[in-house]
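# Summary of structural features
Chain residues, written in single-letter form:
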Amino acid sequence: MTPSATTAATTPTFDDAVARYEPVIGLETHVELGTASKMFCGCSTVFGADPNTQVCPTCLGLPGSLPVVNEAAVRFAVMIGLALNCSVSPWCRFARKNYFYPDMPKNFQISQYDEPLCENGWLDVEVDGKIHRVGITRVHMEEDTGKSLHVGGATGRIHGATHSLVDYNRAGIPLIEIVTEPDVRSPEVARAYVDELRELCRALTVSDVRMEQGSLRCDANVSLRPRTAPGEPAAPYGTRSETKNLNSLRSVERAVRHEIVRQATRLDAGLRVVQETRHFDEASGTTSTGRSKEEATDYRYFPEPDLTPLALTHEYVDAVRATIPELPAQRRARLAGDYGFTPTDIVNMRNAGVLDLVEETIAAGAAVEAARKWWLNELARRAADAGVTPTGLAIGPFDVARITEMIADGDLTDALARTVIDGVLAGEGTPDEVVAGRGLKLVSDDGALTEAVDAVIAAQPAIADKVRGGKVNAVGPLVGAVMKAMKGQADPGTVRKLLLERLGQ
Amino acid sequence: MAITRDEIAHLARLSRLALSDEELDTLAPQLDVIIGAVARVAEVAAGDIPPTTHAVPLTNVFRADITRPSLPRTDALAGAPAVEDGRFRVPRILDMDE
């Protein structure tokens, strides 16, 4: 990259920026809970419904309506808090956050203010084999807002729009806000934190955590301070910017990276960093200043008079704690210990959507490496070709375990195993039924194989002589010819061995 | 003074109320009296009385996570000042100069 002469003098590279300034990063993540109904009313939360078809007097804020707390949402929030090593408040209230913006029809959002449900936890994040502990300040409950469509401006942007259209289907969906301490020091760790949090929520089955649908979104607070020499006290925190609504892991990393360079550029030039909200533009990878219209901090919070306080008992919290399944970090440790999987193996299998399937296949009797290989390569590809997730394939862990067993027993080659997979996917039954139905069993030691070997030797005397003369590698074409004669139903290794025996090698 | 004229002007702005100078002059002393009256409650509340937001000492009022039918869309939009494409149509959110 060759920046123009004017910017070369003023814009540091990322590496240069972080060599002189220490980034201080805190993250606020919003997670939409996967409850069936909304936070305070019985409207459905299903994504993608026609606009304003999942609304009622309560979530539209009509006069006379009253909110009632969804117990499942509280339970899910407590699960998240406990999984993040937080303490659960024995008594807390909801609060009204007052603001004028049409994404909430009530002119306020029910949230929590000075009494969050959970506080003081942490989440360990691993980057390049190093563990970073990220402190969790608080986990609080609130309701999601409606979705605005801005009309009349360029590409749906709020700037320049003539008017906006609002869909309140999302308004009132239970939302959890998870706020970290300013513990993060790099874009990579910021990304890894959001990734780990997403996996954690997925393991808890409290949210579908689909960033592209907005059920998990992240705001990044970034500031810089001068690095100080070892042993000297750290400089005070600099002024931070808050970049809103990052909706992919990649965006989290890119936006933080961009903010670091942007702020370093300002500081180098002797300018101040302005405390403000910024928006990230995916296309350019840059952030731009957001609205500073509302006296943003003046939300006039007060305790929500329409809701009673939450006073969760020890028994309730312990009962929720008992439902927490194995968490991602525990699972990774177990998979590494039991099966020898590396962190990269696990990430690859997870991203391919086959991690559970591999585990189940191993549990069904398959060798570890075989289970990993078949799901990660062949079956993940079949799923992609069919446009389904691997779990949606018509072949399951027991089938795959049986196939790997047949390979290990020498009854199938990899090529034949693929044919068996074809059969199972085509609904021809279990692997054994497909093998029987299609007559796929390997011919390894009966007369038919010997006969085919002799026929090929007789048909290709020149090559046969070469092999007899000691050129063992020349046997390849003969193996191919025998495999062809056997219609693939022979083990190439066995064929080769038999050929060499017959040719005196 | 428990509350100043400037604070009331600020609150009015946050609440999107266009109060005239005359209205501010009238409302400021009135609100000051009201706040002063409410403040007297704090004087009688001793340290052993916890602040409360509810007259009824209830906690943990929950509903089960069960969906109920929503409003038909025509009803949901019936009270909207303007409707477009099944959505509530609202005026421009940002002013032109922003």
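Okay, helix H16 (residues 476-485) of chain A next. Residue and element names in this part refer to chain A. Taken together, the buried positions of H16 are occupied by Leu 478, Val 479, Ala 481, Val 482 and Met 483. Elements that come into contact with the buried residues of H16 comprise helix H14 (447-459), helix H15 (461-468) and helix H17 (492-502). Positive backbone phi, approximately 55 degrees, marks Lys 487, located one or two places after H16.

Moving on, we come to the interface of chain B and chain A. Contact residues are listed per partner, giving 32 residues for chain B and 43 residues for chain A. Secondary-structure elements contributing two or more residues to the side of chain B that touches chain A are strand S1 (62-63), helix H3 (73-78) and strand S3 (87-91) of chain B. Broken down by element, the residue count for the side of chain B that touches chain A peaks at five residues, all from S3(B). With four bridges joining them, strand S9 (residues 163-167) of chain A and S3(B) adopt antiparallel strand pairing. Each residue of the ladder has a partner; that of Val166(A), found in S3(B), is Phe88(B).

As a further point, take the pairing of strand S12 (residues 241-246) of chain A. Residue and element names in this part refer to chain A. The pairing of strand S11 (residues 216-226) with S12 spans four bridges and is antiparallel. Pairing of Cys 218 across the sheet is with Leu 246, part of S12. Pairing analysis gives three bridges linking S12 to strand S13 (residues 277-281), with the strands arranged parallel. Across the sheet, Thr 243 pairs through a bridge with Arg 278, a residue of S13. Note on the crossover from S12 through helix H5 (residues 249-268) to S13: the handedness is left-handed.

A word on unusual backbone geometry. Residue and element names in this part refer to chain A. Positioned with a positive phi, Val 209 is a non-glycine residue whose angle comes to about 40 degrees. Topologically, Val 209 is positioned in the loop between helix H4 (187-204) and S11. Judged by the 20 C-beta atoms lying within 10 Å of it, Val 209 is buried. Its identity as a non-glycine residue notwithstanding, Arg 300 has a phi of 45 degrees, on the positive side. For Arg 300, the position within the fold is in the loop between strand S14 (286-289) and strand S15 (302-303). On the basis of neighbour count, Arg 300 is assigned to the exposed category, with 12 C-beta atoms found within 10 Å.

Turning our eyes to something else, we now look at the nonpolar core. Residues and elements named next belong to chain A. Among the nonpolar cores identified, the biggest contains 80 residues, and Ala 77, Ile 80, Val 139, Ala 190, Tyr 193 and Ala 220 are the most heavily contacted of them. Beyond its immediate stretch of four places on either side in the chain, Tyr 193 contacts Leu 27, Leu 123, Val 125, Val 134 and Val 184. If you look at the next biggest cluster of nonpolar residues, it comprises 50 residues, including Ile 362, Val 400, Leu 412 and Leu 478.

Our focus in this paragraph is the domain arrangement of chain A. Residue and element names in this part refer to chain A. Considered domain by domain, chain A is made up of domain 1 (12-298), domain 2 (328-438) and domain 3 (447-502). If you average the C-alpha positions of domain 2 and of domain 3, the two centres end up 32 Å apart. In this assembly, four residues from domain 2 lie in contact with four residues from domain 3. Looking at side-chain class alone, the side of domain 2 that touches domain 3 contains two nonpolar, two polar and no charged residues.

Residues and elements named next belong to chain A. The N-to-C vectors of helix H3 (residues 71-83) and H4 enclose an angle of 130 degrees; their axes lie 10 Å apart at closest approach. When the axis of H3 is compared with that of H4, the two are oblique. By crossing handedness, the relation of H3 to H4 is classed as right-handed. Contact residues: H3 offers Met 79, Ile 80 and Ala 83, while H4 offers Leu 200, Cys 201 and Leu 204.

A word on the sheet that holds strand S5 (residues 108-111) of chain A. Residue and element names in this part refer to chain A. As summarised here, the arrangement of the three strands in space is S5-S4-S15, forming an open sheet in which the pairing is antiparallel. Both outer strands of the open sheet, S5 and S15, are each paired with one neighbouring strand and no more. Summarising the sheet, strand S4 (residues 95-98) and S5 pair through four bridges and their orientation is antiparallel. Residue pairing across strands places Ala 95 opposite Ser 111, the latter belonging to S5.

Within the secondary structure, Arg92(B) is located in the segment after S3. Exposure remark for Arg92(B): the 16 C-beta atoms within 10 Å place this residue in the partly exposed category. Sequence-distant contacts of Arg92(B), that is, excluding residues within four places in its chain, are made with Ala161(A), Thr162(A) and His163(A).

Cut-offs used in this document
Residues numbered from 1 in each chain as written. Chains lettered and ligands numbered in written order. Predicted model: local features only at pLDDT ≥ 70, side-chain atom pairs only at ≥ 80, totals over all residues. Buried ≥ 20, exposed ≤ 12 C-beta atoms within 10 Å, placed from the backbone. Helix = DSSP H or I, 4+ residues; strand = E, 2+ residues; numbered from the N terminus. Contact = placed C-beta atoms within 7 Å. Pairing = 2+ DSSP bridges. Right-handed = clockwise from strand over helix to strand, strands pointing away. Core = buried A, V, L, I, M, F, W, Y, C linked by C-beta atoms within 7 Å. Domains from an automatic or database assignment. Nonpolar A, V, L, I, M, F, W, Y, C, P; charged D, E, K, R; others polar. Axes fitted to C-alpha atoms, helices over the stretch in contact; angles between N-to-C directions. Parallel < 35°, antiparallel > 145°, perpendicular 65-115°, else oblique. Left-handed = near helix turned anticlockwise from the far one by under 90°.

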